[in-house]
Amino acid sequence: RGFETAGERLAFEIGREGLSEGRQLYGPNRWPECDSSTRSTIERHYDRCTSIGDRLLALLIQAGRLGPEVEGREVTGGPAHLRLWRYPRGHIDLPPHADHGFLTLLVAPDVGLEVQAADGSFFSAPPAGGEELLVNVARLLAYASGDAYLPAVHRVRSDSDVERFSAPFFHA
């Protein structure tokens, strides 16, 4: 966890603290130089997304919408991470993909995010404002539901003179 660069993109990623005991690939978050208010804002957003993701999964289990592979298993409180991306000005063209895990929650940006429709065409995701979050079904949820819920195939495309920021929360 921490900083990552991919070309000119910059990412920062955090996960649940305190899960490292007895688990591989977990450890403390490595925070960049930032003031306490920035860190506090990011932590509150992470906690909010965790709570929403846990609640959505609990409701799906309670409603019997997930298969026997999930019945009686604890799927809340597990691994999750928030990735903060900064995309540079100019051309962005990330290929179509579906996320892993159960759910992806994000504040939809004003430009760039496109979602694939059933006919294979792509449309711009409506921007989320205020307290709204866009919720994407991910591959593990599709599997656990016997494809009752299909993963949201999406891509990022933009030609903009403005930097683009994205903060997807991956709830596994």
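It should be emphasised that the depicted structure is a prediction, and the values quoted were computed from it without experimental measurement.

Enquirer: Outline unusual backbone geometry, supporting the account with residue identities and numerical values.
Expert: Positioned with a positive phi, Asp147 is a non-glycine residue whose angle comes to about 65 degrees. With respect to the helices and strands, Asp147 occurs in the loop between helix H2 (139-144) and strand S9 (154-160). Relative accessible area serves as the criterion here: at 48%, Asp147 is assigned to the partly exposed category.

Enquirer: I'd love a proper account of helix H1 (residues 36-62), names of residues and values included.
Expert: Compared with an ideal rise of 1.5 Å per residue, which puts 27 residues at 39 Å, H1 spans 38 Å between its outermost C-alpha atoms and is within 8% of the ideal. Three or more residues of H1 are buried, namely Ile42, His45, Tyr46, Cys49, Thr50, Gly53, Asp54, Leu57 and Leu60.

Enquirer: An account of a nonpolar patch on the surface is requested, with residue identities and associated values reported.
Expert: A surface patch of nonpolar side chains, amounting to about 200 Å² of accessible area, comprises Leu56, Leu59 and Val135. Residue classification places Leu56 among the partly exposed positions, given a relative accessible area of 30%.

Enquirer: How would you explain the environment of Arg89 if you had to name every residue and give the values?
Expert: By secondary structure assignment, the location of Arg89 is in the loop between strand S3 (80-87) and strand S4 (90-97). Judged by relative accessible area, Arg89 falls into the exposed class, the value being 55%. Residues Arg89 and Ser160, 71 residues apart in the sequence, show an inter-C-alpha distance of 5.8 Å. Residues in contact with Arg89, not counting those within four places in the same chain, are Ser160, Asp161, Val162 and Glu163.

Enquirer: Requested: an account of the sheet that holds S4, with residues and values cited.
Expert: Each strand in a sheet pairs with its neighbour through backbone hydrogen bonds, running either in the same direction (parallel) or in the opposite one (antiparallel). Taken in spatial order, the four strands of this open sheet run S4-S9-S6-S7, and their pairing is antiparallel. One side of each edge strand has no neighbouring strand; the edge strands of this open sheet are S4 and strand S7 (122-124). Sheet twist, expressed as the mean angle between neighbouring strand axes with direction ignored, is 25 degrees. As defined by bridge partners, strand S6 (residues 113-116) adjoins S9 across three bridges and the pair is classed as antiparallel. If you follow Glu114 over to S9, its bridge partner there is Arg155.

Quick notes on the rules
Here the residue index of a chain counts from 1 through its sequence in written order. pLDDT decides what is reported in this predicted model: residues at 70 or higher carry local features, side-chain atom pairs at 80 or more are listed and counted, and totals for whole chains, interfaces and linings draw on all residues regardless. In computing side-chain properties, one takes all heavy atoms of the structure into account and sets aside hydrogens as well as water. By definition, any uninterrupted DSSP run of H or I lasting at least four residues is a helix, any uninterrupted run of E lasting at least two residues is a strand, and each is numbered from the N terminus. When accessible area is computed with a 1.4 Å probe and restricted to protein chains, residues below 20% of their type maximum are described as buried, those above 50% as exposed, and intermediate ones as partly exposed. One less than the number of residues in a helix, times 1.5 Å, gives the span that helix is expected to have. Two joining distances apply to patches: 9 Å for like charges and 5 Å for nonpolar side chains (Val, Leu, Ile, Met, Phe, Trp, Tyr), and every residue must have over 30% relative accessible area and no salt bridge. Residue exposure ignores everything except the shown protein chains as possible cover, and the areas themselves are Shrake-Rupley values with a 1.4 Å probe. By definition, a salt bridge exists where a carboxyl oxygen of Asp or Glu is found within 4 Å of a side-chain nitrogen of Lys or Arg. Contacts are assigned to residue pairs that have any heavy atoms within 4.5 Å of one another. For two strands to be treated as a pair, DSSP must find no fewer than two bridges joining them. Lines fitted to C-alpha atoms define the axes, with helix axes restricted to the stretch in contact, and inter-axis angles between N-to-C directions lie between 0 and 180 degrees.

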